[in-house]
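In case you want the letters, here they are:
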Amino acid sequence: MASGALEAGAEVTLEPFAGALKFRADRLPLAPFSTLIPPPAAVSIDSGTLSLAGAAALPAGGGVTAELDLSVDSLVLSDGVSRRPLLRLRSFSAGKVRADFKNRSLTADAVALA
C-alpha cells in the first residue's frame, strides 16, 4: 500500500482573532480520495500522489490568504462505470500559487504539465 506524509502546524491568537498555518504533504496517495467524488461525476482516482508545501494566514483584519507549491504525479483517472481510463498525467506542478479569498484572486508564478 502506498503511503505519504502529512505535517501541519498552527498559531492562533484570540484577541484580536488571527491565525497562521504551515502545512506540507509529501507523496500523499490520491486514490483514497476517490470516495469523495460525488456519484454523478462517475470518475475514479486510480492512482497518483500529491505533494505540497505552503502557508495560510488569517490576519486580524479578516480575509484568508495562502501561498503554496504543489505537484501531482502519476495521476490516473478512469470512468467509474466502465473503468476505462479518462486521463493519464505523468506530472503537474504549480509554483508560488497565491490565493486571496477576500479579493477572490488566484495566481501562480509557474505551471508545468507532462
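Owing to the predicted nature of the structure, the values given are computational and were not obtained by experimental measurement. (Residues numbered from 1 in each chain as written. Predicted model: local features only at pLDDT ≥ 70, side-chain atom pairs only at ≥ 80, totals over all residues. Heavy atoms only, no water.)

A. View of the pairing of strand β5 (residues 85-100). Here strand β4 (residues 65-79) pairs with β5 via twelve bridges, running antiparallel. The residue of β5 that forms the bridge with Val76 is Arg88. Inspection of the sheet shows β5 paired to strand β7 (residues 110-113) by four bridges, in the antiparallel sense. Considered in β7, the bridge of Gly95 is made with Ala110. Pairing analysis gives three bridges linking β5 to strand β6 (residues 105-107), with the strands arranged antiparallel. Paired with Arg98 across the strands is Thr107, a residue of β6. In sequence, β5 turns back onto β6 through a hairpin of four residues, with Arg104 there showing a positive phi of about 55°. (Pairing = 2+ DSSP bridges. Helix = DSSP H or I, 4+ residues; strand = E, 2+ residues; numbered from the N terminus.)

B. Region of the structure containing the nonpolar core. With ten residues, the main nonpolar core is built from Ala25, Leu28, Leu30, Ile45, Leu50, Leu52, Val72, Leu75, Leu77 and Leu89. Those elements giving two or more residues to this core turn out to be β2 (17-29), β3 (43-58) and β4. Those residues within four positions of Leu77 in sequence are excluded, and the remaining contacts are Val43, Ser44, Ile45, Asp46, Pro85, Leu86 and Leu87. (Core = buried A, V, L, I, M, F, W, Y, C linked by side-chain atoms within 4.5 Å. Buried < 20%, exposed > 50% of the residue type's maximum accessible area, 1.4 Å probe, protein only. Contact = heavy atoms within 4.5 Å.)

C. Just the side chain of Asp100, in detail. Within the secondary structure, Asp100 sits in strand β5. Buried and unpaired, Asp100 has Lys102 as its nearest opposite-charge partner, separated by 7.6 Å. Within the local environment of Asp100, its side chain forms a polar contact with the side chain of Asn103, the two groups lying 2.9 Å apart. Apart from the residues lying within four places of it in its own chain, the contact partners of Asp100 are Val64, Thr65 and Ser105. (Lys, Arg positive; Asp, Glu negative; His and termini not counted. Salt bridge = Lys/Arg side-chain N within 4 Å of Asp/Glu carboxyl O. Polar contact = N/O pair within 3.5 Å; in protein donor to acceptor, adjacent residues only side chain to side chain.)

D. Layout of a nonpolar patch on the surface. Together, Val12, Leu14 and Phe17 make up an exposed nonpolar region whose accessible area comes to about 350 Å². Residue placement: Phe17 occurs in strand β2. Judged by relative accessible area, which is 49%, Phe17 ranks as partly exposed. (Patch = residues over 30% accessible without salt bridge, like charges linked within 9 Å, V, L, I, M, F, W, Y side chains within 5 Å. Areas by Shrake-Rupley, 256 points an atom, 1.4 Å probe, with all protein chains shown as cover.)

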